[in-house]
Amino acid sequence: MTNTPKQAIALADRQSTVGPKAETGMCLKMVRGCYGVPAKAEDAATAWADAEHRHPEANPLAIPYGAPVFWTGGSKGHGHIAISTGNGECWSTDIKRPGYFDHVRIAEIERKWGLKLVGWAEDVNGVRIWTAPVKPKPSRPSNWSKVRSDLLAALNSPAAKAIPKSRPVVRAFITLTRRRLTKLPKS
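Residues numbered from 1 in each chain as written. Predicted model: local features only at pLDDT ≥ 70, side-chain atom pairs only at ≥ 80, totals over all residues. Heavy atoms only, no water.

**Q** Can you tell me about the nonpolar core, naming the residues and giving the values?
**A** Y35, F70, I81, I83, F101 and V124 are the most contacted members of the largest nonpolar core, which totals 24 residues. Among the elements of the structure, α1 (5-18), α2 (27-35), α3 (44-50), β3 (80-86) and β6 (116-121) are those that each provide at least two residues to this core. Element by element, the count of residues in this core is highest for α2, at 6 residues. Residues in contact with Y35, not counting those within four places in the same chain, are M1, T2, N3, P5, A8, G66, A67, P68, I83 and I129. Counting residues in each nonpolar core, the second largest holds 14 residues, with I63, C90, I95 and W120 among its members. (Core = buried A, V, L, I, M, F, W, Y, C linked by side-chain atoms within 4.5 Å. Buried < 20%, exposed > 50% of the residue type's maximum accessible area, 1.4 Å probe, protein only. Helix = DSSP H or I, 4+ residues; strand = E, 2+ residues; numbered from the N terminus. Contact = heavy atoms within 4.5 Å.)

See below:
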């Protein structure tokens, strides 16, 4: 069963503190284990090349929470994979302690190992493990018609019209708000 990004991050965190220790150089095995993805690609570089939903990205801050992060290069060209925790950070194996996950800045991997950050993916070994969160559509209050009409009444009131010309920002706000409200549906 595939784990959610949140579950994968929790598993990496747990392995960091209680183990078990893995062999050095098994980043793909450990990361796919956290996601609950079966074996397929022989190394992280191949997993990146085979990913159907790749997002090339050089900015660590642009890599979303829970997505697998990829680097290419290395002495044997195997690359590296880790689990993003957002804000330019990740759970990575071997970076501080051989065989364990440690929470580090994504940029530290390039700086310490000389690997090239190539991006992140929504899938590993053909299994989709990350999808963009669905943003809820903003909802209108159930009494939207009344709210809209009350606002328009206030904006068209003698008090609103009496605002002096010496207050141009307030007058502009009222005018703009009135225009936008009249364009919105009544219900």
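After presenting the structure, the write-up continues.
**Q** Break down the packing of helix α5 (residues 144-155) against helix α7 (residues 168-183) for me, with residues and values.
**A** It is the contact of α5 with α7, at a shortest axis distance of 10 Å, that shows an interaxial angle of 145°. The chirality of how α5 crosses α7 is left-handed. Where α5 abuts α7, its residues W144, R148, L151, L152 and L155 lie against I174, T177, R178, L181 and T182. Residues belonging to the contact of α5 with α7 are distributed by class as follows: 6 nonpolar, 2 polar and 2 charged. (Axes fitted to C-alpha atoms, helices over the stretch in contact; angles between N-to-C directions. Left-handed = near helix turned anticlockwise from the far one by under 90°. Nonpolar A, V, L, I, M, F, W, Y, C, P; charged D, E, K, R; others polar.)

**Q** Describe the packing of aromatic side chains, listing the residues and the values that go with them.
**A** Applying the stated rule across the entire model yields 2 aromatic pairs. Arranged with centres 5.3 Å apart and planes meeting at 45°, the rings of W48 and F70 form a pair that is tilted. Note that W48 is positioned in helix α3 and F70 in strand β2 (residues 68-72), a separation of 22 residues in sequence. The same class applies to W48 and to F70, which are both buried. When the ring of W120 is compared with that of W130, the centres are 4.8 Å apart and the planes differ by 75°; the resulting orientation is edge-to-face. Of this pair, W120 sits in strand β6 while W130 is found in the loop between β8 (127-128) and α5, placing the two residues 10 residues apart along the sequence. Owing to a relative accessible area of 8%, W130 belongs among the buried residues under this scheme. Of note, R54 hangs over the ring of W48, and the distance from its end group to the ring centre comes to 5.6 Å. (Phe/Tyr/Trp six-rings, centres within 6.5 Å; stacked < 30°, edge-to-face > 60°. Lys NZ or Arg CZ within 6 Å of the ring centre and 35° of its normal.)

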